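As a plain string of letters, each chain reads:
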Amino acid sequence: EIQLVETGGGLVQAGGSLRLSCVVSGFTFDEFDDYAIGWFRQAPGKEREGVACIYRGDGSTYHADSVKGRFTISRDIRKNTVYLQMNNLKPEDTAVYSCAVKPRGGGRDEYRNWGQGTQVTVSS
């Protein structure tokens, strides 16, 4: 089955940048022929929030309004990796960032195979 591993989190000053990576392994055509990778975040005391997603096949993307213009999701198919470039970071971006996978055409409730998460901390 598909396995996801997130890296790239850390401590950064407000206004700084980080690039998160989600490495995808274990894909088989028996499972599905295309998929989307989504980035999510969850801060203490808050619900998990969808940040961005991208489809492996055609590269189509979605970015949440809260991060649009600051964060950019992308993929490198040869490296089996999805990136989240985060610029102009704000303290309210502080959270554990996780990635998950869903089949093409699936709803948000179909995300699965969550990675372990990577901590992003933005200081003021």
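Refer to the preceding data block for the structure.
Residues numbered from 1 in each chain as written. Predicted model: local features only at pLDDT ≥ 70, side-chain atom pairs only at ≥ 80, totals over all residues. Heavy atoms only, no water.

Student: Please clarify how the environment of Gly-115 should be interpreted in this entry.
Tutor: Within the secondary structure layout, Gly-115 lies in the loop between strand 9 (95-103) and strand 10 (118-123). By relative accessible area, Gly-115 is classed as buried at 15%. Sequence-wise, Gly-115 and Thr-7 are 108 residues apart; in three dimensions their C-alpha atoms are separated by 9.9 Å. Other than its neighbours up to four places away in sequence, Gly-115 contacts Leu-4, Glu-6, Ser-98 and Cys-99. (Helix = DSSP H or I, 4+ residues; strand = E, 2+ residues; numbered from the N terminus. Buried < 20%, exposed > 50% of the residue type's maximum accessible area, 1.4 Å probe, protein only. Contact = heavy atoms within 4.5 Å.)

Student: Quick question: what am I supposed to make of the sheet that holds strand 2 (residues 10-13) here?
Tutor: The strands making up a sheet associate through backbone hydrogen bonding, with each pair oriented either parallel or antiparallel. Strand order in this open sheet of six strands is 2-10-9-4-5-6, and the pairing throughout is mixed. Two strands close off the open sheet at either side, each with one partner strand: strand 2 and strand 6 (61-63). On average, each strand axis in the sheet is inclined to that of its neighbour by 25°, with strand direction left out of account. When strand 4 (residues 35-42) meets strand 9, the two strands line up antiparallel, connected through eight bridges. Counterpart to Ile-37 in the pairing with strand 9 is Val-101. (Pairing = 2+ DSSP bridges. Axes fitted to C-alpha atoms, helices over the stretch in contact; angles between N-to-C directions.)

Student: I keep staring at the side chain of Asp-34 and nothing clicks. Help me out?
Tutor: Relative to the elements of secondary structure, Asp-34 occurs in the loop between strand 3 (18-25) and strand 4. A relative accessible area of 10% places Asp-34 in the buried class. Looking at Asp-34, its side chain comes within polar contact range of the main-chain nitrogen of Gly-57, at 3.1 Å. Among the polar contacts made by the side chain of Asp-34, one reaches the side chain of Arg-104 at a distance of 3.1 Å. (Polar contact = N/O pair within 3.5 Å; in protein donor to acceptor, adjacent residues only side chain to side chain.)

Student: Would you mind showing me how to read the packing of aromatic side chains here?
Tutor: For any two aromatic rings, the description comes down to two numbers: the centre-to-centre distance and the angle of the planes. Scanning the entire structure with this criterion turns up three aromatic pairs. Between Phe-27 and Tyr-35 the ring centres are 5.2 Å apart and the planes differ by 50°, which places this aromatic pair in the tilted class. You can call Phe-27 partly exposed: its relative accessible area is 26%. Residue Tyr-35 is classed as buried on the basis of its relative accessible area of 6%. Between the NZ or CZ atom of Arg-19 and the centre of the ring of Tyr-83, over which it lies, the distance is 4.3 Å. In this structure, Arg-48 is placed above the aromatic ring of Trp-114, and the distance from its NZ or CZ to the ring centre is 4.3 Å. (Phe/Tyr/Trp six-rings, centres within 6.5 Å; stacked < 30°, edge-to-face > 60°. Lys NZ or Arg CZ within 6 Å of the ring centre and 35° of its normal.)

Student: What am I meant to see in the side chain of Thr-118 here?
Tutor: Positionally, Thr-118 belongs in strand 10. Residue Thr-118 is classed as buried on the basis of its relative accessible area of 10%. Reaching out from Thr-118, the side chain makes a polar contact with the backbone nitrogen of Gly-9 at a distance of 3.1 Å. For Thr-118, the contacting residues outside a window of four places in its chain are Glu-6, Thr-7, Gly-8, Gly-9, Leu-20, Ala-95, Val-96 and Tyr-97.

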